[in-house]
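# Fold and geometry: a report
Residue strings, one per chain:
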Amino acid sequence: MVPLLIVLLVVLALFGAGFALNLLWWIAAIVLAVWLLGFVMRSGSGAGRGRWYRW
């Protein structure tokens, strides 16, 4: 019974890690899209002052 519980816990941990990594990939894709939009939407006034974000 104990080995079965250990296997189930390992499967559950791997499933949770896979879900978390998938979620992190989606968050990274959204941040990349927002970062690229920052280049498209910036105005041409000034060298570094035209960005709509500070970083």
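Only a predicted model underlies this, so the values are computations on that prediction, with no experimental measurement involved.

The rules behind the values
Residues numbered from 1 in each chain as written. Predicted model: local features only at pLDDT ≥ 70, side-chain atom pairs only at ≥ 80, totals over all residues. Heavy atoms only, no water. Helix = DSSP H or I, 4+ residues; strand = E, 2+ residues; numbered from the N terminus. Buried < 20%, exposed > 50% of the residue type's maximum accessible area, 1.4 Å probe, protein only. Areas by Shrake-Rupley, 256 points an atom, 1.4 Å probe, with all protein chains shown as cover. Patch = residues over 30% accessible without salt bridge, like charges linked within 9 Å, V, L, I, M, F, W, Y side chains within 5 Å. Salt bridge = Lys/Arg side-chain N within 4 Å of Asp/Glu carboxyl O.

Right, let's talk about the overall build of the chain for a bit. In terms of regular secondary structure, the chain is built from one helix and zero strands. Counting every position in the chain, which comprises 55 residues, the buried fraction comes to 5%. Accessible surface, the chain as shown: approximately 5,200 Å² in total, 79% of it carbon and sulfur.

Let's shift gears to a nonpolar patch on the surface. Where nonpolar side chains cluster on the molecular surface, the patch consists of Phe19, Leu21, Leu23, Leu24, Trp25, Ile27 and Val31 and spans about 790 Å² of accessible area. Overall, the relative accessible area of 66% leaves Trp25 in the exposed class.

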